[in-house]
Amino acid sequence: TLRSSGFAWSCAIVTILLRLRGPAFGWDWVDKPGVLVGATVVASAFAIYADFSAMTWCIVPWLQKVKKLEIMGFKMRFLSFMLIQLFVTCVQIFTIQNNAWLM
């Protein structure tokens, strides 16, 4: 999972480098939105894998002990919790990639 997280952050770093140096080399394609979409999709896939792996290693054993999951006073099934967390991970990656794109 550390590799997947590192790869997700590497996508942001590569996006920044492409946006900074691409026009100097005459690479017009780096300014196209497809590059942002592609980097975001790839980074999201690796981040979701890393997040899912971390949840199965940490949260699932904890839930087996506790037997219930409560978020802000509401009982929640693990599947609902996991889907919300993975969605939030995608939103975070989207935000990181957009910030890298606009730098």
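Residues numbered from 1 in each chain as written. Predicted model: local features only at pLDDT ≥ 70, side-chain atom pairs only at ≥ 80, totals over all residues. Heavy atoms only, no water.

Student: Explain the pattern of salt bridges to me, and be specific about the residues and the numbers.
Tutor: Under the defined criterion, the tally for this structure stands at 1 salt bridge. Of the charged contacts in the structure, one is a salt bridge between Arg-19 and Asp-31, with a shortest N-O distance of 2.7 Å. With Arg-19 in helix α1 (residues 2-21) and Asp-31 in the loop between α1 and α2 (33-66), this residue pair connects regions lying 12 residues apart in the sequence. (Salt bridge = Lys/Arg side-chain N within 4 Å of Asp/Glu carboxyl O. Helix = DSSP H or I, 4+ residues; strand = E, 2+ residues; numbered from the N terminus.)

Student: Can you tell me about the packing of α1 against helix α3 (residues 78-102), naming the residues and giving the values?
Tutor: The contact between α1 and α3 brings their axes to 8 Å, and the two run at 20°. Between α1 and α3, the angle falls in the class roughly parallel. Along this stretch, α1 crosses α3, giving a crossing that reads as right-handed. Contacts between α1 and α3 involve Ala-8, Trp-9, Cys-11, Ala-12, Thr-15, Ile-16 and Arg-19 on the former and, on the latter, Ile-93, Ile-96, Gln-97, Ala-100 and Trp-101. (Axes fitted to C-alpha atoms, helices over the stretch in contact; angles between N-to-C directions. Parallel < 35°, antiparallel > 145°, perpendicular 65-115°, else oblique. Left-handed = near helix turned anticlockwise from the far one by under 90°. Contact = heavy atoms within 4.5 Å.)

Student: With reference to specific residues and values, describe the environment of Ile-96.
Tutor: As for its position among the elements, Ile-96 is in helix α3. For Ile-96, the contacting residues outside a window of four places in its chain are Trp-9 and Ala-12.

Student: Residues and numbers for α1, please.
Tutor: Its 20 residues place the ends of α1 28 Å apart at the C-alpha level, agreeing with the 28 Å of an ideal helix rising 1.5 Å per residue. Taken together, the buried positions of α1 are occupied by Ser-4, Ala-8, Cys-11, Ala-12 and Thr-15. Mapping the buried residues of α1 onto a view down its axis gives an arc of 100°, with all of them on the same face. Exposed side chains of α1 directed beyond 90 degrees from the buried face belong to Leu-2, Arg-3, Trp-9, Leu-20 and Arg-21. (Expected span 1.5 Å × (residues − 1). Buried < 20%, exposed > 50% of the residue type's maximum accessible area, 1.4 Å probe, protein only. Arc of directions from axis to C-beta.)

Student: Which residues make up the packing of aromatic side chains, and what are the values?
Tutor: Inspection of every chain in the model, using the stated rule, returns 3 aromatic pairs. Ring centres of Phe-7 and Phe-46 lie 4.2 Å apart, and the angle between their planes is 45°; on these two criteria the pair is classed as tilted. You can see Phe-7 sitting in helix α1 and its partner Phe-46 sitting in helix α2, a full 39 residues away along the chain. Geometrically, the ring pair formed by Phe-25 and Trp-27 is tilted, given 5.2 Å between the ring centres and 40° between the ring planes. Taken together, the ring pairs connect Phe-25, Trp-27 and Trp-29 into an aromatic cluster. Geometry around Trp-101 places Arg-19 over its ring, the cationic atom sitting 4.1 Å from the centre. (Phe/Tyr/Trp six-rings, centres within 6.5 Å; stacked < 30°, edge-to-face > 60°. Lys NZ or Arg CZ within 6 Å of the ring centre and 35° of its normal.)

Student: Can you break down the confidence of the model for the protein chain residue by residue, with the values?
Tutor: Scored by pLDDT, the protein chain has a mean of 82; 92% of the residues are at 70 or more. Ranking the elements of the protein chain by mean pLDDT puts strand β1 (residues 70-71) last with 76 and α3 first with 86. (pLDDT = per-residue confidence, 0-100.)

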